[in-house]
Amino acid sequence: MRIPSARGRFSGSLFELLRRPPEEETTGTFSLVEQLVDQAMDHHEILVDEDLQLALFCLYELHYGGLEGANERWEWNPGLIAARQKIEAVFEEALRGAVVLPSDRPENSDSVAEALFGLTAADNGPSMSRYVAKSATVEQVREFVVHRSIYQLKEADPHTWAIPRLTGRAKAALVEIQADEYGGGRQERMHSALFARTMRVLGLHDSYGAYVDVVPALTLASTNMMSMFGLNRRLRGAIVGHLAAYEMTSSQPNRLYGNGLRRLGFSQDATWYFDEHVEADAVHEQIAGRDLAGGLFETEPHLLEDIYFGATAALALETMSTARIMAAWEAGKSSLLVPLPSSS
Amino acid sequence: MSAASPLDEQNDRHAPLSSPEIVVCPNGPLLVRGDFTIAAANGGKIPRRRRTVALCRCGASGIKPYCDGTHKLIGFRTKPDTENAV
Ligand code: FES
Ligand SMILES: [Fe+2]
Ligand SMILES: [Fe+2]
């Protein structure tokens, strides 16, 4: 993706730096870190901090598809890693502060799955899927898809980072899920490719990052959370819990999203992604709960809290993000920073 | 040497790679992985789109024979005493 437009002092300095060759910029990167200290990041605000979430998103993007015009050597530049860690520390604190962990101590892998199924069932945030099924307009559905595209066009990638950090039952489980996410060896069935298809039917650009400039901090924060959990080995419990919660809150909502698109007259090409997830995630949620999260708990029981943390943080950010989007719509406004050109 | 148990079978390096396995999920579907076909009662095959599938056993799925997670909404409960490993 292209380097987006800056949203403040920090992302501004970062993007300026990324356009230069890394060899000459030792002082630049460390002054960036100092700037962060000055900026005195506030963990109450970081989830909605446009400047920092965008910068963090781009720092992570160096590890995924890269940024056009940024030298690839920036990926492991010590100054940028130091800056990333400073933001991550505050971001993680904010996420931990936003959740309440269950207190029950499971005995075995099945009771871990039960606990996670319980958590996700108790989640009673506002329902985007019911709204899309019953009342969303075409314009609102397009906005919803734009928000989702930030993750869905690289669906499964953040969790893939965890594979080498797991062993035995948990590792085999994650590989089994990911193989399905990546289309079982068929490129056109990759979930990210199915999502791109939906975008094209809706008249949206399907190249990665095409809409980064118009999505708000909270939308970026959802993907940043996954990248942070996935890229830090110490947070492997959290990325596992995140995936489990994600899979466990997918089948039914996706059925409703598909229904919403059908209500609006869209073709099977547009609903394929959602229909696929009704069936796929009913499989994935079992494997993710019992073998992935449960299996990790069996080998590393001390990671239980982080498994719960990843799961509850996933639910919490989803709730916040949905509330923000629906509030904008209720006020008759766009949920994006800049409204989309209307579809004709 | 004792008689072969199912566990020995799983650990047998001569067992075919894809010998089928059915996992009985408490309060949920049957997960089936490995080499199998799902036959329709009229003799045809039911389309299968992934290697590992979840078969509904609560009766409430909208995409039977596959599970769609509805068992969670209807509070489907299985009996641990008949489903636990011995
Ligand atoms: S067992 Fe899952 S829907 Fe019936
Ligand atoms: Fe998926
Ligand atoms: Fe999935």
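Computed from a predicted model, the values in this text were never measured in an experiment. (Residues numbered from 1 in each chain as written. Chains lettered and ligands numbered in written order. Predicted model: local features only at pLDDT ≥ 70, side-chain atom pairs only at ≥ 80, totals over all residues. Heavy atoms only, no water.)

### Examining the overall build of chain B
Phase 1: Across its full length, chain B holds three helices and three strands.
Phase 2: For chain B, the N- to C-terminal ordering of α and β elements is α-β-β-β-α-α.
Phase 3: Considering only contacts in chain B between residues 6 or more positions apart, those separated by 24 or more positions represent 24%.
Phase 4: As displayed, chain B offers around 6,100 Å² of accessible surface, 56% of which is attributable to carbon and sulfur atoms. (Helix = DSSP H or I, 4+ residues; strand = E, 2+ residues; numbered from the N terminus. Contact = heavy atoms within 4.5 Å. Areas by Shrake-Rupley, 256 points an atom, 1.4 Å probe, with all protein chains shown as cover.)

### Digging into the overall build of chain A
Phase 1: Scanning chain A from terminus to terminus reveals 15 helices and zero strands.
Phase 2: Within the span of chain A, comprising 344 residues, buried residues form 59% of the whole.
Phase 3: Nonlocal contacts in chain A, meaning residues at least 24 apart in sequence, comprise 82% of its contacts between residues at least 6 apart.
Phase 4: In the structure as shown, chain A presents an accessible area of about 13,700 Å², 52% of it carried by carbon and sulfur atoms.
Phase 5: One way to put it: in chain A the 31 positive side-chain charges average out to a point 2 Å from where the 47 negative ones average out. (Buried < 20%, exposed > 50% of the residue type's maximum accessible area, 1.4 Å probe, protein only. Lys, Arg positive; Asp, Glu negative; His and termini not counted. Charge placed at Lys NZ, Arg CZ, Asp CG, Glu CD.)

### Considering the coordination of the iron ion (ligand 2)
Residues and elements named next belong to chain A.
Phase 1: The protein atoms that coordinate the iron ion (ligand 2) are Glu155 (OE), Glu181 (OE), His191 (ND1) and His277 (NE2), at distances of 1.9 to 2.2 Å.
Phase 2: Considering all four donor atoms around the iron ion (ligand 2), angles at the metal cover 80 to 168° and the coordination shape is irregular.
Phase 3: Separating the iron ion (ligand 2) from the iron ion (ligand 3) is a gap of 3.7 Å, which Glu181 spans by donating to each of them. Highlighted residues: Glu181 in helix 9 (residues 168-181) and His277 in helix 14 (residues 268-299), separated in sequence by 96 residues.
Phase 4: Take Glu181: its relative accessible area is 4%, and that puts it in the buried class.
Phase 5: Exposure remark for His277: the relative accessible area of 2% places this residue in the buried category. (Donors = N, O, S within 2.8 Å, 3.2 Å for Na, K, Ca; no water. Tetrahedral: all angles 85-135°; square planar, octahedral: opposite > 155°, others 65-115°.)

### Observations regarding the packing of helix 7 (residues 138-152) of chain A against helix 11 (residues 217-231) of chain A
All names here are of chain A.
Phase 1: Where helix 7 meets helix 11, the axes come as close as 9 Å, and the angle between the chain directions of the two elements is 20°. Relative to helix 11, the element helix 7 is oriented roughly parallel. Helix 11 is crossed by helix 7, and the crossing has right-handed handedness. Of helix 11, the residues touching helix 7 (which contributes His147, Ile150 and Tyr151) are Thr219, Leu220, Thr223 and Met226. (Axes fitted to C-alpha atoms, helices over the stretch in contact; angles between N-to-C directions. Parallel < 35°, antiparallel > 145°, perpendicular 65-115°, else oblique. Left-handed = near helix turned anticlockwise from the far one by under 90°.)

### Let's talk about the pattern of salt bridges
Phase 1: Under the counting rule described, the total for this entry stands at 25 salt bridges over all chains.
Phase 2: When the shortest N-O distance is used, the salt bridge between A:Asp269 and A:Arg197 registers 3.0 Å. Within this pair, whereas A:Asp269 is found in helix 14, its partner A:Arg197 is found in helix 10 (residues 191-201), the two being separated by 72 residues in sequence.
Phase 3: Classification of A:Asp269 as partly exposed rests on a relative accessible area of 34%.
Phase 4: Between B:Lys72 and A:Glu285 there is a salt bridge whose closest N-O contact spans 2.5 Å. Note that B:Lys72 is positioned in helix 2 (residues 70-73) and A:Glu285 in helix 14, a pairing that runs across two chains.
Phase 5: Counted as one network, the salt bridges with shared partners bring together A:Asp180, A:Glu276, A:Glu279, B:Arg49 and B:Arg50. (Salt bridge = Lys/Arg side-chain N within 4 Å of Asp/Glu carboxyl O.)

### Observations regarding the interface of chain A and chain B
Phase 1: Tallying the contact residues gives 20 residues for chain A and 20 residues for chain B.
Phase 2: Both sides together, the interface formed by chain A and chain B hides about 1,600 Å², and carbon and sulfur atoms give 47% of it.
Phase 3: Our count for the contact surface shared by chain A and chain B stands at six salt bridges.
Phase 4: Of the charged contacts in the structure, one is a salt bridge between A:Glu279 and B:Arg49, with a shortest N-O distance of 2.6 Å.
Phase 5: Between the two partners, chain A and chain B, sit eleven residue pairs in polar contact (both at pLDDT 80 or more). (Buried area = accessible area lost by both parts, 1.4 Å probe. Polar contact = N/O pair within 3.5 Å; in protein donor to acceptor, adjacent residues only side chain to side chain.)

### Focus: the domain arrangement of chain A
All names here are of chain A.
Phase 1: For chain A, the assigned domains are domain 1 (9-97) and domain 2 (109-330).
Phase 2: Once you take the C-alpha centre of each, domain 1 and domain 2 turn out to be 25 Å apart.
Phase 3: At the interface, 18 residues of domain 1 touch 27 residues of domain 2.
Phase 4: Buried surface at the junction of domain 1 and domain 2, summed over both partners, amounts to about 1,900 Å²; 67% is from carbon and sulfur atoms. (Domains from an automatic or database assignment.)

### Some points on the confidence of the model for chain B
All names here are of chain B.
Phase 1: When pLDDT is averaged across chain B, the result is 86; 86% of the residues are at 70 or more.
Phase 2: Taken element by element, chain B is modelled with least confidence in helix 1 (residues 6-10), mean pLDDT 55, and with most confidence in strand 3 (residues 53-55), mean pLDDT 98.
Phase 3: Reported confidences for the modelled complex are a pTM of 0.94 and an ipTM of 0.91. (pLDDT = per-residue confidence, 0-100.)

### Brief notes about the UniProt feature "domain: Iron-binding zinc finger CDGSH type" (unreviewed entry) in chain B
Phase 1: The positions that UniProt labels "domain: Iron-binding zinc finger CDGSH type" (unreviewed entry) are, in the present scheme, residues 45-77 of chain B.
Phase 2: In this annotation, residues 45-77 of chain B is assigned 12% helix and 9% strand; the end-to-end C-alpha distance for the span is 30 Å. (UniProt positions renumbered as here; feature names shortened; annotations may be inferred.)

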